[in-house]
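Okay, here's what each chain looks like letter by letter:
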Amino acid sequence: GDSVTQMEGPVTLSEEAFLTINCTYTATGYPSLFWYVQYPGEGLQLLLKATKADDKGSNKGFEATYRKETTSFHLEKGSVQVSDSAVYFCALPTSGTYKYIFGTGTRLKVLA
Amino acid sequence: NAGVTQTPKFRVLKTGQSMTLLCAQDMNHEYMYWYRQDPGMGLRLIHYSVGEGTTAKGEVPDGYNVSRLKKQNFLLGLESAAPSQTSVYFCASRERLAGANEQFFGPGTRLTVL
């Protein structure tokens, strides 16, 4: 069945460091792919998405490219800030249903 | 436009007590979801609804019931709370349109069962 595998955290970086959070998936067909972010004490909110192969989603300096050949959707940011400290979830809608699969989440802590 | 709201924000129950969590959305979304979030386990789907009057089981439905009597509301009930139901509960909604499949989440309800 469909699944999402996300790198485990926590990830601790210094401000202005480069960030990569890995996400790979298995799915029937070519679903849209999402990254959600959860700031402390809040619900999840959409960070970016890509709807087809080779699409690049971007928002707030974050980017992720839909790679069909490696079934990956890695999240990257060139220079993280303290305000990026949060938990990041990779997600995809399952084929033929209304349901979604979320990764286990990766906690990012950015130190000043 | 409040988006997705959840009440209450926090609750402490004793084992065996019952309660209802309320989710409301003002975006006229057809689909609504209840998830629980536990450390190291990400989000797990409890129940979901694809329209007013319809509900379906998700990944972890045992011990929970739901109702969707009005399109804008989705209620999650715990008839006899257990410590294993200590968790953070999130409600989400989305449009029916195939291309508009972003989910919108509420702020969560933190439930502790003693």
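All of these numbers come straight from a predicted model, not from anything done at the bench.

**Let's talk about unusual backbone geometry**
Right, so step 1: The omega torsion of the bond from A:Gly9 to A:Pro10 falls at 0°, within 30 degrees of zero and hence cis.
Right, so step 2: Locating A:Pro10 in the fold gives a position in the loop between strand E1 (3-6) and strand E2 (11-14).
Right, so step 3: With an omega of -5°, the peptide bond running from B:Thr7 to B:Pro8 counts as cis.
Right, so step 4: Secondary-structure assignment places B:Pro8 in the loop between strand E1 (4-7) and strand E2 (10-13).
Right, so step 5: The residue A:Asp54 is not glycine, and still its phi comes out positive at about 75°.
Right, so step 6: The phi angle at B:Asn28 is positive, at roughly 60°, despite the residue not being glycine.
Right, so step 7: Looking at where B:Asn28 falls in the secondary structure, it is placed in the loop between strand E3 (19-25) and strand E4 (31-38).
Right, so step 8: B:Asn28 gets classed as exposed once you look at its relative accessible area, which sits at 56%.

**Looking at the layout of surface pockets**
Right, so step 1: Considering only enclosed or pocket space, the largest pocket measures out at about 850 Å³ in volume.
Right, so step 2: As for the largest pocket, its lining consists of 35 residues, of which A:Gln38, A:Val87, A:Arg107, B:Gln37 and B:Arg110 are closest to the centre.
Right, so step 3: Elements with a minimum of two residues in the lining of the largest pocket: strand E10 (86-93) and strand E12 (106-111) of chain A together with E4, strand E9 (87-94) and strand E11 (109-113) of chain B.
Right, so step 4: Here the residues of the lining of the largest pocket sort into 13 nonpolar, 15 polar and seven charged.

**Notes on the state of the cysteines**
Right, so step 1: Within the structure shown, the criterion is met by two disulfides over all chains.
Right, so step 2: The side chain of A:Cys23 participates in a disulfide bridge whose partner is A:Cys90; the two sulfur atoms lie 1.9 Å from each other. One quick way to see it: the torsion about the S-S bond of A:Cys23 and A:Cys90 is about -70°, and its sign makes the bridge left-handed. Of this pair, A:Cys23 sits in strand E4 (residues 23-26) while A:Cys90 sits in strand E10, placing them 67 residues apart in sequence. In terms of burial, A:Cys23 and A:Cys90 fall into one category: buried.
Right, so step 3: Covalent S-S linkage joins B:Cys23 and B:Cys91, the inter-sulfur distance amounting to 1.9 Å. Here the S-S torsion is close to -75°, and the disulfide linking B:Cys23 with B:Cys91 is therefore left-handed. Of the two residues, B:Cys23 is situated in strand E3 and B:Cys91 in strand E9; the sequence distance between them amounts to 68 residues.

**What to know about the confidence of the model for chain A**
Right, so step 1: Across chain A, the average pLDDT comes to 92, with 99% of residues at 70 or higher.
Right, so step 2: Across chain A, element-level confidence peaks in strand E9 (residues 75-77) of chain A with a mean pLDDT of 98 and bottoms out in strand E11 (residues 100-102) of chain A with 90.

**Topic: the interface of chain B and chain A**
Right, so step 1: With 20 residues of chain B at the interface, the matching set in chain A holds 18 residues.
Right, so step 2: A combined buried area of about 1,600 Å² lies between chain B and chain A, and 57% of that area is made up of carbon and sulfur atoms.
Right, so step 3: Counting the contacts that link chain B with chain A gives zero salt bridges.
Right, so step 4: In this structure, the connection of chain B to chain A is made through three residue pairs in polar contact (both at pLDDT 80 or more).
Right, so step 5: Elements with a contribution of two residues or more to the side of chain B that touches chain A: E4, strand E5 (42-51) and E9 of chain B.
Right, so step 6: When residues of the side of chain B that touches chain A are assigned to their parent elements, the largest contribution, five residues, is made by E5(B).

What counts, and at which threshold
- Residues numbered from 1 in each chain as written.
- Chains lettered and ligands numbered in written order.
- Predicted model: local features only at pLDDT ≥ 70, side-chain atom pairs only at ≥ 80, totals over all residues.
- Heavy atoms only, no water.
- Helix = DSSP H or I, 4+ residues; strand = E, 2+ residues; numbered from the N terminus.
- Buried < 20%, exposed > 50% of the residue type's maximum accessible area, 1.4 Å probe, protein only.
- 1 Å grid on protein atoms, 1.4 Å probe; cavity = no way out; pocket = protein on both sides within 12 Å on 5 of 7 lines; lining within 4 Å.
- Points joined across faces, edges and corners; volume = space filled by probe spheres on them.
- Nonpolar A, V, L, I, M, F, W, Y, C, P; charged D, E, K, R; others polar.
- Disulfide = S-S within 2.5 Å.
- pLDDT = per-residue confidence, 0-100.
- Contact = heavy atoms within 4.5 Å.
- Buried area = accessible area lost by both parts, 1.4 Å probe.
- Salt bridge = Lys/Arg side-chain N within 4 Å of Asp/Glu carboxyl O.
- Polar contact = N/O pair within 3.5 Å; in protein donor to acceptor, adjacent residues only side chain to side chain.

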